[in-house]
Amino acid sequence: ELKVEQNPLFLSMQEGKNYTIYCNYSTTSDRLYWYRQDPGKSLESLFVLLSNGAVKQEGRLMASLDTKARLSTLHITAAVHDLSATYFCAVDNQLAGTSYGKLTFGQGTILTVHP
Amino acid sequence: EAGVAQSPRYKIIEKRQSVAFWCNPISGHATLYWYQQILGQGPKLLIQFQNNGVVDDSQLPKDRFSAERLKGVDSTLKIQPAKLEDSAVYLCASSLAGAKRAGELFFGEGSRLTVL
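The rules behind these values
- Residues numbered from 1 in each chain as written.
- Chains lettered and ligands numbered in written order.
- Predicted model: local features only at pLDDT ≥ 70, side-chain atom pairs only at ≥ 80, totals over all residues.
- Heavy atoms only, no water.
- Helix = DSSP H or I, 4+ residues; strand = E, 2+ residues; numbered from the N terminus.
- Polar contact = N/O pair within 3.5 Å; in protein donor to acceptor, adjacent residues only side chain to side chain.
- Contact = heavy atoms within 4.5 Å.
- Disulfide = S-S within 2.5 Å.
- Pairing = 2+ DSSP bridges.
- Axes fitted to C-alpha atoms, helices over the stretch in contact; angles between N-to-C directions.
- Buried area = accessible area lost by both parts, 1.4 Å probe.
- Salt bridge = Lys/Arg side-chain N within 4 Å of Asp/Glu carboxyl O.
- 1 Å grid on protein atoms, 1.4 Å probe; cavity = no way out; pocket = protein on both sides within 12 Å on 5 of 7 lines; lining within 4 Å.
- Points joined across faces, edges and corners; volume = space filled by probe spheres on them.
- Nonpolar A, V, L, I, M, F, W, Y, C, P; charged D, E, K, R; others polar.

## Some words on the side chain of serine 75 of chain B
Residue and element names in this part refer to chain B. Residue placement: serine 75 occurs in strand E8 (residues 75-79). Of the polar contacts made by the side chain of serine 75, one reaches the backbone oxygen of glutamate 68; its length is 2.9 Å. The residues contacting serine 75, other than those within four sequence positions of it, are Phe21, Trp22, Cys23, Leu32, Trp34, Phe49, Glu68 and Arg69.

Structure, rendered in structure tokens:
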């Protein structure tokens with residue numbers, strides 16, 4: 001059974017600081033996703049990482065994937081208050097010959113950015 | 001482009017009652033998913049449809065949950081009878097299966113169920 005673990009689960013940061021959220025998973029997969037969720041809202045897709053060594057950046061967020069280590073990171077640079085949200089990583093449990101999208105999610109990291 | 005539509009947004013019922021949720025995916029998306037998100041946890045897949053056929057329903061509690069996707073577009077998820085532990089947000093998602101970004105899921109805003 002695929003397990004996905006994120007750490008930390010809670011992250012309180014000051015504006016302007018840098019930090020990294022880690023996502024470890026237990027079985028082989030080459031597709032990993034990062035989502036953002038604001039309170040009471042749905043999930044917003046941030047990054048789709050499709051291969052070993054993939055790195056993607058959008059604004060102050062950068063995500064990377066190491067399939068050999070079964071590890072993905074979400075790095076936050078110079079945090080601002082607007083980044084406060086819950087961040088989920090999700091690993092695709094795809095079966096050979098079928099469509100993708102059977103995602104196993106981590107527990108989520110609640111990020112709070114303080115002035 | 002219109003997103004994934006879900007209704008109702010909120011529902012409060014008593015245990016042993018029944019409830020149904022509706023989902024309209026993004027136009028042209030062949031694959032549709034229902035996820036359950038319990039407060040404080042990540043979403044968990046309940047069922048996956050490809051067009052109007054079921055791809056995976058291994059985590060659907062079939063004694064009380066049922067889902068259908070008639071004509072390969074809209075879908076309904078039904079719970080009968082509801083239990084207290086069914087209190088959660090039910091998220092519908094769709095994806096453009098077979099495209100370059102196959103597997104990227106677009107989520108609706110969810111239907112929040114409270115069972116008393």
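## Points about the state of the cysteines
All names here are of chain A. Counted according to the given criterion, the structure contains 2 disulfides over all chains. Between the sulfur atoms of cysteine 23 and its disulfide mate cysteine 89 the distance is 2.0 Å. Handedness here is read from the sign of the S-S torsion; for cysteine 23 and cysteine 89, about 80°, the answer is right-handed. Of this pair, cysteine 23 sits in strand E3 (residues 19-25) while cysteine 89 is found in strand E9 (residues 85-92), placing the two residues 66 residues apart along the sequence.

## Let's talk about the sheet that holds strand E7 (residues 61-66) of chain A
Residue and element names in this part refer to chain A. In space, the 5 strands of this open sheet follow the order E1-E3-E8-E7-E6, with antiparallel pairing throughout. Two strands lie at the open edges of the sheet, namely strand E1 (4-7) and strand E6 (55-58), each paired on one side alone. Going from strand to strand, the sheet's axes swing by 15° on average, the running direction of each strand aside. Both E3 and strand E8 (residues 71-76) contribute to a ladder of 6 bridges, which runs antiparallel. Considered in E8, the bridge of tyrosine 22 is made with threonine 73.

## A closer look at the interface of chain A and chain B
Opposite the 22 residues of chain A that make contact, chain B presents 27 residues. Here chain A and chain B share an interface that buries about 1700 Å² over both sides, 49% of which is from carbon and sulfur atoms. Where chain A touches chain B, the interface holds 1 salt bridge. Residue lysine 102 of chain A is joined to aspartate 56 of chain B by a salt bridge in which the shortest nitrogen-to-oxygen separation is 2.9 Å. Here chain A and chain B share 6 residue pairs in polar contact (both at pLDDT 80 or more) between them. Elements with a contribution of two residues or more to the side of chain A that touches chain B: strand E4 (32-37), strand E5 (43-49), E9 and strand E10 (103-105) of chain A.

## A look at the sheet that holds strand E7 (residues 65-68) of chain B
Residues and elements named next belong to chain B. The strand order E1-E3-E8-E7 describes an open sheet built from 4 strands, whose pairing is antiparallel. Because the sheet does not close on itself, it has two edges, and the strands there are strand E1 (5-7) and E7. Averaged over all neighbouring strand pairs, the angle between strand axes comes to 15°, with direction disregarded.

## A closer look at the layout of surface pockets
Taken as a whole, the largest pocket holds about 610 Å³ of empty space. Elements with a contribution of two residues or more to the lining of the largest pocket: E9 and strand E11 (109-114) of chain A together with strand E9 (88-95) and strand E11 (111-115) of chain B. No other element matches the 4 residues that E11 of chain B contributes to the lining of the largest pocket. Looking at side-chain class alone, the lining of the largest pocket contains 14 nonpolar, 13 polar and 5 charged residues. Around the second largest pocket, the lining is made up of 21 residues, and of these Glu1, Leu2, Thr104 and Phe105 of chain A together with Lys44 of chain B lie nearest the centre. Contributing elements (two or more residues each) for the lining of the second largest pocket: E1 and E10 of chain A together with strand E5 (44-50) of chain B. For the lining of the second largest pocket, the leading source of residues is E10 of chain A, giving 3 residues. Taken together, the residues that form the lining of the second largest pocket break down as 7 nonpolar, 9 polar and 5 charged.

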